[in-house]
Amino acid sequence: MIDLHLHLDGSLTPREVIELARLTGVTLPTYREEELFSLLTFDGRGTLNDYLTKFDLPLSVLQTAEGVEYAVRALCERLAEKKYEYAEIRFAPMLHTRRGASADDIVKGAVKGLRASRLEAGLLLCCMRGASNAENLGTVELAAKYRGEGVVGVDLAGAEALYPTENYREVFALASRLGLNVTIHAGEAAGADSVRAALDFGARRIGHGVAAAGSEELLKRIVAENVLIEVCPTSNVQTGAVPSLSEHPIARFLERGVPVAICSDNMTVSDTDARLEWTKVQAACRLPDTAYEKMLAAARLHRFS
Ligand SMILES: [Zn+2]
């Protein structure tokens, strides 16, 4: 299996959160794993903004380079045990600097964690919607600095409904000048225009892209430009991007020839993994078995390293 859309902070197990709290001197609201699990997972449905509140607790224990190194290595090891062939793990360096670590140190920590694991994997650095231009440009520069050491591209994450993709033109112009691989969360909490802007900015992959399904012209463009959609079914239901799994547009994407990869988004927040996402969406959308190989082949072709 391959997971191309996997957030570090949304994928810590309760045991890892406890270990990180110990490592970094943070006091947790509880040390019982079941109670922590319910604090870390999004149980039910809401909006993307509700879903994003689940990142506060894991982020509180990911504020040092050592903590980030530990978390990346632990996540990679878990995926290696599940026999994943490859993964791209993403995080926003700027969200890990509350206790004085620099974004550069955080990326260094992540690179160390990646190197210490046996999984073949890459790191994606997320720019954030709502962050300053300077912070986002700094993130892009960091991705260029650590390219070749495990960082394979940049992303744009955060509250899409509040901060339109269009606002980040300058950020992705720099990414483009630096020749970085780009994926952008788009068409999750906003419409088709958000996906169009992401394509205009040079994204080679789109995170979620649900809103693209409503536009034949946009689907044609995605196919013509050979852009892959990172599909995260459970997360899409939880944030209200789709009403139910059976109404997920993945079947439409496949029918139209859009390259798709099934991804988990957040293994803990959505209590899933990419393999389980495939099983769930295949049953709910009655996808043929052949779609699995097609999906895996597309993921291999569109990985950034
Ligand atoms: Zn995501």
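Each value, and the rule that gives it
- Residue positions are given per chain, counted from 1 along the sequence in the order it is written.
- Where totals are concerned, whole chains, interfaces and linings use all residues; where local detail is concerned, this predicted model gives features only for residues with pLDDT of at least 70, and gives and counts side-chain atom pairs only at 80 or more.
- The basis for every side-chain value is the complete set of non-hydrogen atoms in the structure, without hydrogens or water.
- Helix and strand definitions follow DSSP, with helices as H or I runs of at least four residues and strands as E runs of at least two, each counted in order from the N terminus.
- In this description the radius of gyration comes from C-alpha coordinates, and the expected globular size is given by 2.2 Å times residues to the power 0.38.
- For the exposure calls, accessible area comes from a 1.4 Å probe over protein chains only, and a residue counts as buried if that area is under 20% of its type's maximum, exposed if over 50%, partly exposed in between.
- Any two residues whose heavy atoms approach within 4.5 Å at even a single point are treated as in contact.
- Counting rule applied: Lys, Arg positive; Asp, Glu negative; His and chain ends not counted.
- Note that the charge is assigned to NZ on lysines, CZ on arginines, CG on aspartates and CD on glutamates.
- Each metal site is built from N, O and S donor atoms within 2.8 Å (3.2 Å for Na, K and Ca), and since water is not included, such sites may look incomplete.
- For a four-donor site, all angles between 85 and 135 degrees give tetrahedral; for four or six donors, opposite pairs above 155 degrees with the remaining angles between 65 and 115 give square planar or octahedral; all remaining cases count as irregular.
- Only strands joined by at least two bridges in the DSSP assignment are considered to pair.
- What counts as an axis is a line fitted to C-alpha atoms, over the stretch in contact for a helix, and the angles between N-to-C directions run from 0 to 180 degrees.
- Cavity and pocket criteria rest on a 1 Å grid covering protein atoms alone: a 1.4 Å probe that fits but cannot get out defines a cavity, protein on both sides within 12 Å along at least 5 of 7 lines defines an open pocket, and an atom within 4 Å of a point defines a lining residue.
- Grid points are joined across faces, edges and corners, and a volume is the space filled by probe spheres set on the points.
- The residue classification treats Ala, Val, Leu, Ile, Met, Phe, Trp, Tyr, Cys and Pro as nonpolar and Asp, Glu, Lys and Arg as charged. All others, Gly included, are polar.
- By definition here, a helix of n residues has an expected span of 1.5 Å times n minus one.
- Directions pointing from the helix axis toward each C-beta atom define the arc.
- Pairing of N or O atoms within 3.5 Å defines a polar contact, subject to two protein rules: one partner must be a possible hydrogen donor and the other a possible acceptor, and residues neighboring in sequence count only if both atoms are side-chain atoms.

(A) Spotlight on the overall build of the chain. When its secondary structure is counted, the chain shows 14 helices and eight strands. A compact globule built from 305 residues should have a C-alpha radius of gyration of about 19 Å, and the chain, at 18 Å, falls within 12% of that. In the chain, which comprises 305 residues, the proportion classed as buried is 61%. At a minimum sequence separation of 6, the contacts of the chain that also span at least 24 residues come to 73%. If the 34 positive side-chain charges of the chain are averaged to one point and the 41 negative ones to another, these points end up 3 Å apart.

(B) Structural detail: the coordination of the zinc ion. Taken together, His 5 (NE2), His 7 (NE2), His 185 (NE2) and Asp 265 (OD) make up the protein donors of the zinc ion, found 2.1 to 2.3 Å from the metal. Considering all four donor atoms around the zinc ion, angles at the metal cover 84 to 168 degrees and the coordination shape is irregular. Written as a sequence motif, the donor residues of the zinc ion are H-x1-H-x177-H-x79-D. Of this pair, His 5 sits in strand E1 (residues 2–7) while Asp 265 sits in the loop between strand E8 (260–262) and helix H13 (274–285), and the two are 260 residues apart along the sequence. Of the two residues examined, His 5 and Asp 265, each falls in the buried class.

(C) Fine view of the sheet that holds E8. Spatial ordering of the open sheet is given by E5-E6-E7-E8, a layout of four strands whose pairing is parallel. Two strands in the sheet have a free side with no partner beyond their single neighbour: strand E5 (183–186) and E8. Strand after strand, the sheet turns through a mean of 25 degrees between neighbouring axes, direction not considered. Taken together, the four bridges between E5 and strand E6 (residues 205–208) define a ladder with parallel strand orientation. If you follow His 185 over to E6, its bridge partner there is Gly 207. On top of the sheet, helix H9 (residues 192–200) reaches E5 and E6; it is set at about 170 degrees to E5, its chief contact. Sheet strands in contact with helix H14 (residues 290–302) are E6, strand E7 (228–231) and E8, and its direction is about 105 degrees off that of E8.

(D) The arrangement of the layout of surface pockets in detail. Estimates place the volume of the largest pocket at around 350 Å³. Only helix H3 (48–52), helix H4 (56–60), strand E2 (86–91) and strand E3 (121–128) provide two or more residues apiece to the lining of the largest pocket. Looking at the lining of the largest pocket, the element that brings in the most residues is H3, giving three residues. Broken down by class, the residue content of the lining of the largest pocket amounts to 12 nonpolar, five polar and six charged.

(E) Looking closely at the pairing of E7. Of the two faces of E7, both are covered, the one formed by Leu 228 and Glu 230 as well as the one formed by Ile 229 and Val 231. Looking at chain direction, E6 and E7 are connected through three bridges and run parallel. Opposite Gly 207, over in E7, you have Glu 230 as the bridge partner. The pairing of E7 with E8 spans three bridges and is parallel. Within E8, the position partnered with Val 231 by the bridge is Ile 262.

(F) Quick look at the environment of Ala 261. Summarising the element assignment, Ala 261 is placed in strand E8. For Ala 261, a relative accessible area of 1% corresponds to the buried category. Note: C-alpha distance between Ala 261 and His 302 (41 residues apart in sequence) is 8.9 Å. Dropping the residues within four chain positions of it, Ala 261 is found in contact with Leu 4, Leu 228, Ile 229, Glu 230, Val 231, Met 295 and Ala 299.

(G) How the structure looks around the sheet that holds E2. Ordered in space as E1-E2-E3-E4, the four strands form an open sheet in which the pairing is parallel. Every other strand in the sheet has two partners, leaving E1 and strand E4 (151–157) as the edge strands with one partner each. The average angle at which neighbouring strand axes cross in this sheet is 25 degrees, direction not considered. Alignment of E1 against E2, held across four bridges, turns out to be parallel. Within E2, the position partnered with Leu 6 by the bridge is Ile 89. The strands touched by helix H5 (residues 65–81) are E1, E2 and E3; relative to E2, the strand with the most contacts, the crossing angle is about 150 degrees. Strands in contact with helix H6 (residues 103–115) are E2, E3 and E4; relative to E3, the strand with the most contacts, it is inclined by about 160 degrees.

(H) View of H13. For H13, with 12 residues, the first-to-last C-alpha span of 16 Å sits near the 16 Å given by 1.5 Å per residue. For H13, the full list of buried residues reads Ala 274, Glu 277, Trp 278, Val 281, Gln 282 and Cys 285. Relative to the axis of H13, the buried residues are bounded by an arc of 125 degrees and lie together on one face. Where the residues of H13 are buried, they touch E1, helix H11 (233–238), helix H12 (250–255), E8 and H14. Structurally, the start of H13 carries an N-cap: the backbone nitrogen of Arg 275 is 3.0 Å from a side-chain oxygen of Asp 273. Backbone geometry just after H13 places Arg 286 at a positive phi near 50 degrees.

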